[in-house]
Amino acid sequence: MAALTLLRRGSAPARLLSGTLNARNPCIGATQGCHLRRHFSNNKILVELDEASGVAIMKLNNPPVNSLSLELLTEFCITIEKLEMDRSCRGVILTSAAPKIFSAGLDITEMCGKSAEHYAAFWRAVQELWLTLYGSNMVTIAAINGTSPAAGCLMAMCCDFRIMADNPKYTIGLNETQLGIVAPFWFKDTMTNILGHRLTEQSLQLGQMYTTPEALKIGLVDQLVPEDKVQSTAAAVICNWLAVPAHARQITKSMMRKQNIERLVNHREADIDNFVNFIGKDSIQKSLQVYMDRLKQRKQ
Ligand SMILES: CCCCCCCCC/C=C/C(=O)SCCNC(=O)CCNC(=O)[C@H](O)C(C)(C)COP(=O)(O)OP(=O)(O)OC[C@H]1O[C@@H](n2cnc3c(N)ncnc32)[C@H](O)[C@@H]1OP(=O)(O)O
């Protein structure tokens, strides 16, 4: 938690300052064969932490489509915070345990036919995921091994680098308008920082899902690799990122993200009220229901 406050509050916690001493190539230990792996998992997140390299592989494990339920969101934040406080962990590769799907985004059933209290708790958890991941001191690499709409894309955009499997069936983007809902300002801010204003505006208005070559072309993902190379590429990339002196990289990350983070922190309650009012509207509930029905009909 302390490390998170760096990016959230712009202060420098002890761990950040001690980062100077840690600025060694993390992959040296790994190549010398001193592999100490720790596995731990909640119900919906699987973690494998390699203490030699300082890298944790974090797999979303909520079949069939890794939709982000309240339970998953809660486990996600606990896991990141636990890794953040673990001195042997300095980087995370975020990926999916489900074949073909990175994440289907927010669990739509959490936003349908529930109480205002439930919507508020759910949205607070979505905000927390963003604050925790976007504000992480650790190096975060998204190994996108499947389709990734809406909040699935958001999670990937929160990471420092995105590697995607080059599969013509996979798409990625913020498709909220296609559901009749609106991506909030902090989704928009995250995308703007990656794509720029014009492309983000077009992308959000159209609710555009991009094929992998399109995503690479506009910079929504940084690298495309064959499906079976996603994990090994992520492992190589994270080594490069971890080779940079940690304190300098972390302060730079904070500098780039602080403004966006503070904006949500300062408007958190208003954003929750806005969500609760918006999602509870009959017209929005109807749109979501139609969308879910359409998803189910596709199969028949
Ligand atoms: C002003 C601002 C205020 C704020 C305004 C509010 C802002 C809200 C921001 C919202 C952010 C979001 O992330 S909204 C979520 C957007 N997500 C999506 O649009 C993804 C929808 N899903 C898909 O496109 C597909 O399912 C896809 C992921 C490609 C996988 O396709 P497949 O053919 O492999 O699988 P399917 O058969 O479709 O799905 C398997 C089952 O999972 C279910 N399922 C699929 N996606 C689901 C989902 N997101 N939530 C729940 N359930 C889902 C299906 O209904 C099926 O259920 P059964 O039939 O029972 O088996």
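Residues numbered from 1 in each chain as written. Predicted model: local features only at pLDDT ≥ 70, side-chain atom pairs only at ≥ 80, totals over all residues.

Q: Got a minute to help me understand the overall build of the chain in this structure?
A: When you go through the chain residue by residue, the secondary structure sums to 13 helices and eleven strands. Burial analysis of the chain (300 residues in total) assigns 42% to the buried set. Within the chain, counting contacts between residues at least 6 apart in sequence, those at least 24 apart form 75% of the total. (Helix = DSSP H or I, 4+ residues; strand = E, 2+ residues; numbered from the N terminus. Buried ≥ 20, exposed ≤ 12 C-beta atoms within 10 Å, placed from the backbone. Contact = placed C-beta atoms within 7 Å.)

Q: Please explain the sheet that holds strand β5 (residues 100-101) as it appears in this structure.
A: What holds strands together in a sheet is hydrogen bonding between their backbones, with the strands either parallel or antiparallel. Read across the sheet, four strands follow the order β5-β7-β9-β10 without closing on themselves; strand pairing throughout is mixed. In the strand order of this sheet, the two ends are held by β5 and β10 (210-211), each with one partner. With two bridges joining them, strand β7 (residues 146-149) and strand β9 (residues 171-173) adopt parallel strand pairing. Bridge pairing links S148 to I172 in β9. (Pairing = 2+ DSSP bridges.)

Q: Help me out: how do you make sense of unusual backbone geometry in this one?
A: Leave glycine aside and you will find that most residues have negative phi; peptide bonds, for their part, are mostly trans. Omega for the peptide link from P63 to P64 comes to 5°, which places this bond in the cis form. Among the structural elements, P64 can be located in the loop between β3 (55-60) and α4 (70-85). Even without glycine at this site, K100 takes up a positive phi of about 75°. By the element assignment, K100 lies in strand β5. On the basis of neighbour count, K100 is assigned to the partly exposed category, with 15 C-beta atoms found within 10 Å.

Q: What exactly am I supposed to notice about the site of the ligand here?
A: As a matter of local geometry, the ligand sits amid 29 residues, with A104, G105, L106, A150 and A151 nearest to it. The set of elements that each furnish at least two residues to the shell around the ligand consists of β7, α12 (268-279) and α13 (282-298). When residues of the shell around the ligand are assigned to their parent elements, the largest contribution, four residues, is made by α12. By residue class, the composition of the shell around the ligand is 19 nonpolar, six polar and four charged. (Near = placed C-beta within 6 Å. Nonpolar A, V, L, I, M, F, W, Y, C, P; charged D, E, K, R; others polar.)

Q: Hey, could you run me through the packing of helix α5 (residues 116-134) against α12 in this one?
A: Between two packed helices, both the angle of their axes relative to each other and the distance between the axes serve to describe the pair. Where α5 contacts α12, the two axes come as close as 9 Å, and the packing angle between them is 130°. One element, α5, and the other, α12, form an angle in the oblique class. The two elements α5 and α12 meet at a crossing, and its hand is right-handed. Taken together, the residues of α12 that come into contact with α5 (itself represented by A116, Y119, A120, W123, R124 and Q127) are R268, D271, I272, F275, V276 and I279. Grouping the constituent residues of the contact of α5 with α12 by class yields eight nonpolar, one polar and three charged. (Axes fitted to C-alpha atoms, helices over the stretch in contact; angles between N-to-C directions. Parallel < 35°, antiparallel > 145°, perpendicular 65-115°, else oblique. Left-handed = near helix turned anticlockwise from the far one by under 90°.)

Q: Is there a simple way to explain the confidence of the model for the chain in this structure?
A: Detailed conclusions should not be drawn from predicted coordinates in areas where pLDDT is low. Counting all residues, the mean pLDDT for the chain is 90, and 88% of those residues have values of 70 or more. Counting contacts from residues 1-26, a segment whose pLDDT is below 50, to residues more than four positions away or on other chains yields 55 contacts. Listed scores for the predicted complex are pTM 0.92 and ipTM 0.98. (pLDDT = per-residue confidence, 0-100.)

Q: Sorry if this is basic, but what is going on with the sheet that holds strand β4 (residues 91-96) here?
A: Here seven strands make up an open sheet; going across it, the order is β1-β2-β3-β4-β6-β8-β11 and the pairing mixed. Here the strands that pair on one side only, and so sit at the sheet edges, are β1 (37-41) and β11 (223-225). Across the sheet, the mean angle from the axis of one strand to that of its neighbour is 20°, orientation sign disregarded. Helix-sheet contacts for helix α10 (residues 230-242) involve β3, β4, β6 (139-144), β8 (161-165) and β11, and the interaxial angle to β6 is about 165°.

Q: In this structure, what is going on with the environment of E84? I would like to understand it.
A: If you trace the backbone, E84 turns up in helix α4. E84 sits in the buried class, given 21 other C-beta atoms within 10 Å. Through-space distance from the C-alpha of E84 to that of S136 is 7.5 Å; in sequence the pair is 52 residues apart.

Q: Sorry, what's going on with the pairing of β4 here?
A: Side chains on a regular strand alternate between the two faces of the sheet. Summarising burial for β4: six of the six residues are buried, a large majority. Since β3 and β4 lie parallel, the crossover through α4 that links them has a hand, and here it is right-handed. Both β4 and β6 contribute to a ladder of four bridges, which runs parallel. Pairing of L94 across the sheet is with A142, part of β6. (Right-handed = clockwise from strand over helix to strand, strands pointing away.)

Q: For this particular structure, what's the right way to read the environment of L224?
A: Its place among the elements puts L224 in strand β11. The spatial distance from the C-alpha of L224 to the C-alpha of I163 is 5.8 Å, given a sequence separation of 61 residues. In contact with L224, other than residues within four places in its own chain, are M164, D166, T212 and L216.

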